[in-house]
Amino acid sequence: VNTSMGTAVVFTGDLQAQALKWINEVMGENLSGFEQLLKGDILCKLVNKIKPRTIKRINRMNQPYFKMENIKRFLNGCKAIGVM
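Residues numbered from 1 in each chain as written. Predicted model: local features only at pLDDT ≥ 70, side-chain atom pairs only at ≥ 80, totals over all residues. Heavy atoms only, no water.

Visitor: Let's hear about the pattern of salt bridges: which residues, and what values?
Guide: If the charged atoms of two oppositely charged side chains come close together, the side chains can form a pair. One pass over the full model with this rule turns up two salt bridges. Between glutamate 25 and lysine 21 there is a salt bridge, with the nearest N and O atoms lying 3.2 Å from each other. Residue glutamate 25 and its partner lysine 21 are both found in helix H1 (residues 13-27); the two are separated by four residues, about one turn of the helix. Overall, the relative accessible area of 53% leaves glutamate 25 in the exposed class. A salt bridge links glutamate 69 to arginine 73, with the nearest nitrogen and oxygen atoms 3.8 Å apart. In this pair, glutamate 69 and arginine 73 both sit in helix H3 (residues 64-80), four residues apart, roughly one turn of the helix. (Salt bridge = Lys/Arg side-chain N within 4 Å of Asp/Glu carboxyl O. Helix = DSSP H or I, 4+ residues; strand = E, 2+ residues; numbered from the N terminus. Buried < 20%, exposed > 50% of the residue type's maximum accessible area, 1.4 Å probe, protein only.)

Visitor: Please provide a residue-by-residue account of the state of the cysteines, values included.
Guide: A complete count under the given rule lists zero disulfides for this structure. You can see cysteine 44 has no disulfide; the closest cysteine sulfur is in cysteine 78, sitting 9.1 Å from it. (Disulfide = S-S within 2.5 Å.)

Visitor: How would you explain the packing of aromatic side chains if you had to name every residue and give the values?
Guide: Scanning the model with the defined rule gives one aromatic pair in all. Judged by centre distance (5.4 Å) and plane angle (80°), the rings of tyrosine 65 and phenylalanine 66 are edge-to-face. For tyrosine 65, a relative accessible area of 53% gives the class exposed. (Phe/Tyr/Trp six-rings, centres within 6.5 Å; stacked < 30°, edge-to-face > 60°.)

Everything listed here is a matter of geometry and, on its own, says nothing about what the molecule does.
Okay, here's the thing in structure tokens:
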């Protein structure tokens, strides 16, 4: 999907299920849906599980600003560990 900010990847159906299954396996969690990832805190923990201490601060607050900060930290963490 092309957006004003670039190209976004859209996960639907089987891809969502596969990604969620992998995250659950790596994290030892039992997440039931992608909406649980929207705060970004679980994504940050995922990066730290793969490479400890990559993301130093994870916001626990539920306000949009803090969610965006977590997503930004997740994306930077992905770059730091060579995923992006």
